[in-house]
Amino acid sequence: MAEKLKRELGVFSLAFIGVISVIGSGVLVIPAQAASMAGPASLIAVIIAGVAMLLFLLMYAELSSEIPVAGGTVVYPDIANGKIVSSMIGFGLLLAYIISPPFVLEVMFSYLSTYFPSLYSNGQLTLLGIFVASLIFLIFYVINVLGVNLTGILSGIFGAIKVAILMVFILGLLVLAFHPANFFSYGGFAPFGFGGVGLAVSAGGLFFAFTGFRLIVDYAGEARAPKRIIPKSIILAVLLVFAVYLLMQIAFVGSLNWAGLSQYGVSPGSWTSLSNLSSPLSQIASANNLTSLSSLIMLFAIYSPLVFVIPVLGAEARLMMGLVDNGYLPKFFNRLSKRYKTPYVALTTVFILTILTLVLMPRYSSILSLVSSAYGFTYLTIGVHYSVIRKHLSPDRFKAPLGSIIAPISTILGAFIVIWSGYPYSLYGFLVMLVFLLVYLYYNFSKDKLKEDLRTGWWFIVFTALLVVISYLTSPTFGGIGKISLNETYVLVTVISIAFYFLGVRFSKKISAIDVKAISPESGEL
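This brings us to the overall build of the protein. In terms of helices and strands, the protein carries 19 helices and two strands. Its C-alpha atoms give the protein a radius of gyration of 23 Å, near enough to 24 Å, the size a compact globule of 526 residues would have. Dimensions of the protein, computed from C-alpha atoms along their principal axes, come out at roughly 70 × 50 × 45 Å. Within the span of the protein, comprising 526 residues, buried residues form 59% of the whole. Sequence-distant contacts, at least 24 apart, represent 83% of the contacts inside the protein between residues at least 6 apart. Here the protein has roughly 19,600 Å² of accessible surface; of this, 69% comes from carbon and sulfur atoms. With 30 positive and 18 negative side-chain charges, the protein shows a separation of 1 Å between the mean positions of the two kinds.

What follows is the structure, encoded as structure tokens:
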């Protein structure tokens with residue numbers, strides 16, 4: 001079905017679909033969290049997190065440029081490892097996508113409540129707030145229905161504005177409030193050693209701040225010339241986000257006015273006390289008497305969640321199309337608008353589900369957030385799918401550098417993501433994915449199919465179950481009971497991940513270049 005979508009997205013549009021989805025509210029708090037754990041060495045943590053995410057994205061660039069289908073993130077698991085793996089990952093990813101926009105928009109309304117208290121009260125949206133949020137979703141739903149080109153153009157414009165706001169803020173701090181001594185005083189450049197850097201990447205949220213680029217892959221079926229455009233757009237998006245995050249970390253550390261921050265519970269020279277900041281970027285601007293920059297970052301806090309919704313609604317629909325192609329949903333959901341060639345049925349469905357989430361959120365927010373906890377597991381198998389499929393792709397494709405080495409490393413990193421998600425969220429995510437096996441059984445209940453899918457998918461169930469056990473036993477830093485240290489955890493997870501990477505490849509589906517070609521008949525010509 002993906003070949004019937006309009007191929008209208010260029011490098012700029014696709015890149016900013018990624019940028020607008022990655023740079024969000026996290027940038028408002030993560031610089032302080034990372035600095036509180038690693039001090040000035042948080043700059044190294046940013047680099048590590050960015051490089052780690054790039055490993056995943058290079059593999060996606062190779063796959064999606066050669067197999068440019070809607071919802072590729074859920075199609076590739078099905079090609080390589082069958083229905084059990086693809087059902088657990090596919091529905092886990094779709095639910096996380098659907099639940100994300102209402103929660104993000106709630107963040108925006110929490111900031112707006114200072115000026116419009118009738119929209120948000122007692123930590124939740126009011127009825128009026130739900131109504132206004134629903135209108136916003138309706139507008140973005142219409143934009144998505146009117147064509148992917150419009151979605152791409154607006155994502156490009158709004159994404160560029162998002163980057164521009166942050167760059168003005170960063171330059172303001174660098175020019176008006178920069179204190180170079182912060183990088184070498186107060187314990188030196190790395191006051192907590194490499195352990196602090198590792199914590200900043202994981203518990204500090206730096207790696208998670210780089211998630212969201214996969215939306216580019218979900219829109220791959222609408223890229224004008226996938227072989228050229230998709231790799232370029234992914235690399236451009238990563239470079240833009242990486243530059244913003246690294247410059248923001250430099251500006252944050254360099255503009256720390258310890259005396260001015262004391263009013264917010266920060267002790268002079270104490271990196272750990274930076275965790276006391278509730279609105280770090282706004283407060284650091286205020287501490288330097290830069291009220292205009294403080295107001296600017298508050299504007300970003302309102303603007304960022306709002307524009308995030310545009311590409312995500314469309315990505316949800318493309319994921320749904322991928323699940324249709326996998327055989328999990330009726331083909332009715334793949335219907336396209338005759339005029340705009342957009343998946344209007346899937347878009348309407350995700351719009352309704354988004355509004356339903358919005359209505360349920362005030363009462364069931366904790367349950368809804370648990371449902372989305374399966375998201376961390378969706379990074380586990382990318383290296384396996386990549387290694388299985390790449391052998392059957394055309395020789396003139398874009399190739400990820402050192403792909404055979406990147407693949408097992410990405411499996412290790414994917415396992416770390418599960419651990420970093422923390423216990424009991426790792427358990428909740430695993431249980432949610434097990435529920436999705438019921439969907440698999442509903443659509444594939446035959447002895448022969450079950451036998452084959454168990455052969456190609458058993459390893460994933462065992463792998464995820466073992467990671468949940470390790471997550472429970474690990475350090476309290478990630479919610480565990482402390483039976484094994486962090487260092488022991490990383491060694492154990494590394495060994496297990498390498499073993500299950502090779503098991504995943506060994507027990508993959510028996511596919512051929514013809515099978516891969518059938519998924520996307522146009523891919524070899526673009």
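Turning next to the packing of aromatic side chains. The final tally for this structure, using the stated rule, is 23 aromatic pairs. Summarising the aromatic geometry, the rings of phenylalanine 12 and phenylalanine 16 are spaced 4.6 Å apart at their centres and angled 50° between planes, so their arrangement reads as tilted. Here the residue phenylalanine 12 and the residue phenylalanine 16 both occupy positions in helix H1 (residues 11-22), the gap between them amounting to four residues, near one helical turn. A relative accessible area of 46% means that phenylalanine 12 is categorised as partly exposed. On the accessibility criterion, phenylalanine 16 (7% relative accessible area) is buried. Ring centres of phenylalanine 210 and tyrosine 245 lie 5.0 Å apart, and the angle between their planes is 80°; this geometry places the pair in the edge-to-face category.

On to the packing of helix H3 (residues 42-66) against helix H15 (residues 403-421), then. Put simply, H3 and H15 touch, their axes get as near as 10 Å, and they point 125° apart. Looking at the two axes, H3 sits oblique to H15. Regarding H3 and H15, the two cross each other, and that crossing is left-handed. Residues Ala52, Leu55, Phe56, Leu58 and Met59 of H3 pack against Ile406, Ala407, Ile409, Ser410, Leu413, Gly414 and Ile417 of H15. Of the residues that constitute the contact of H3 with H15, the class distribution is ten nonpolar, two polar and no charged.

Our next topic: the layout of surface pockets. Empty space within the largest pocket amounts to approximately 1,500 Å³. Of all the secondary structure elements, the ones that give two or more residues to the lining of the largest pocket are H1, helix H2 (30-38), helix H4 (72-112), helix H12 (291-325) and H15. Considering each element in turn, the lining of the largest pocket owes the most residues, seven residues, to H4. Split by residue class, the lining of the largest pocket holds 21 nonpolar, 16 polar and no charged. The space that makes up the second largest pocket amounts to roughly 340 Å³. Forming the walls of the second largest pocket are 17 residues, and the residues nearest its centre are Phe194, Gly198, Leu199, Trp420 and Tyr490. Counting only elements with at least two residues in the lining of the second largest pocket, the list comes to H3, helix H7 (193-201), H15 and helix H18 (486-506).

Its 19 residues give helix H16 (residues 425-443) an end-to-end C-alpha distance of 28 Å, which sits within 8% of 27 Å, the value for a rise of 1.5 Å per residue. Within H16 the residues assigned to the buried category are Ser426, Gly429, Phe430, Val432, Met433, Phe436, Leu437 and Tyr440.

Glancing now at the pattern of salt bridges. Here the structure, examined in full by the defined rule, presents seven salt bridges. Two residues, glutamate 62 and arginine 397, come together in a salt bridge whose shortest N-O distance is 2.7 Å. Note that glutamate 62 is positioned in helix H3 and arginine 397 in the loop between helix H14 (382-389) and H15, a separation of 335 residues in sequence. Assigned by exposure class, glutamate 62 and arginine 397 land together as buried.

Our next topic: a nonpolar patch on the surface. A contiguous nonpolar patch, built from Ile44, Ile47, Ile48, Val51, Phe184, Phe189 and Phe194 and spanning about 660 Å² of accessible area, is present on the exposed surface. No other element matches the four residues that H3 contributes to the nonpolar patch. Among the structural elements, isoleucine 48 can be located in helix H3.

Inspection of the secondary structure puts alanine 220 in the loop between helix H8 (214-218) and helix H9 (226-254). What makes alanine 220 buried here is its relative accessible area of 0%. Considering only alpha carbons, one finds alanine 220 and serine 64, 156 residues apart in sequence, at a separation of 6.2 Å. Ignoring any residue separated from it by four or fewer positions in sequence, one finds alanine 220 in contact with Arg7, Ser64, Pro68, Val69, Pro226 and Ile230.

Applying the stated rule across the entire model yields three cavities of 30 Å³ or more. Put simply, the largest cavity is a space of about 70 Å³. Residue lining of the largest cavity: Gly26, Val27, Ile30, Pro31, Val46, Leu206, Ala209, Tyr245, Met248 and Gln249, and that is the complete set. When contributions to the lining of the largest cavity are tallied by element, the ones reaching two or more residues are H2 and H9. The element best represented in the lining of the largest cavity is H9, accounting for three residues. Here the lining of the largest cavity is composed, by residue class, of eight nonpolar, two polar and no charged. For the second largest cavity, the full set of lining residues is Leu28, Tyr111, Ser279, Pro280, Leu281, Ser282, Ile297, Met298 and Ala301. Breaking the lining of the second largest cavity down by element, the ones donating at least two residues are helix H11 (280-287) and H12. A breakdown of the residues in the lining of the second largest cavity according to their chemical character gives seven nonpolar, two polar and no charged.

A word on the environment of glycine 480. On the secondary structure map, glycine 480 appears in the loop between helix H17 (447-473) and H18. In the structure, glycine 480 is positioned 58 residues away from glycine 422 in sequence and 7.5 Å away in space, judged by C-alpha atoms. With residues up to four places along the chain from it excluded, the contact list for glycine 480 reads Ser471, Tyr472, Thr474 and Ser475.

Once that is clear, we can look at the nonpolar core. With 185 residues, the main nonpolar core has Tyr245, Phe252 and Leu274 as its most contacted residues. Looking at which element gives the most residues to this core, the answer is H4, with 20 residues. Here phenylalanine 252 is in contact with Pro31, Ala32, Ala35, Leu274, Leu277, Pro280, Leu281 and Ile284, once residues within four sequence places are set aside.

The rules behind each value
- Residues numbered from 1 in each chain as written.
- Predicted model: local features only at pLDDT ≥ 70, side-chain atom pairs only at ≥ 80, totals over all residues.
- Heavy atoms only, no water.
- Helix = DSSP H or I, 4+ residues; strand = E, 2+ residues; numbered from the N terminus.
- Rg over C-alpha atoms; globule rule 2.2 N^0.38 Å.
- Buried < 20%, exposed > 50% of the residue type's maximum accessible area, 1.4 Å probe, protein only.
- Contact = heavy atoms within 4.5 Å.
- Areas by Shrake-Rupley, 256 points an atom, 1.4 Å probe, with all protein chains shown as cover.
- Lys, Arg positive; Asp, Glu negative; His and termini not counted.
- Charge placed at Lys NZ, Arg CZ, Asp CG, Glu CD.
- Phe/Tyr/Trp six-rings, centres within 6.5 Å; stacked < 30°, edge-to-face > 60°.
- Axes fitted to C-alpha atoms, helices over the stretch in contact; angles between N-to-C directions.
- Parallel < 35°, antiparallel > 145°, perpendicular 65-115°, else oblique.
- Left-handed = near helix turned anticlockwise from the far one by under 90°.
- Nonpolar A, V, L, I, M, F, W, Y, C, P; charged D, E, K, R; others polar.
- 1 Å grid on protein atoms, 1.4 Å probe; cavity = no way out; pocket = protein on both sides within 12 Å on 5 of 7 lines; lining within 4 Å.
- Points joined across faces, edges and corners; volume = space filled by probe spheres on them.
- Expected span 1.5 Å × (residues − 1).
- Salt bridge = Lys/Arg side-chain N within 4 Å of Asp/Glu carboxyl O.
- Patch = residues over 30% accessible without salt bridge, like charges linked within 9 Å, V, L, I, M, F, W, Y side chains within 5 Å.
- Core = buried A, V, L, I, M, F, W, Y, C linked by side-chain atoms within 4.5 Å.

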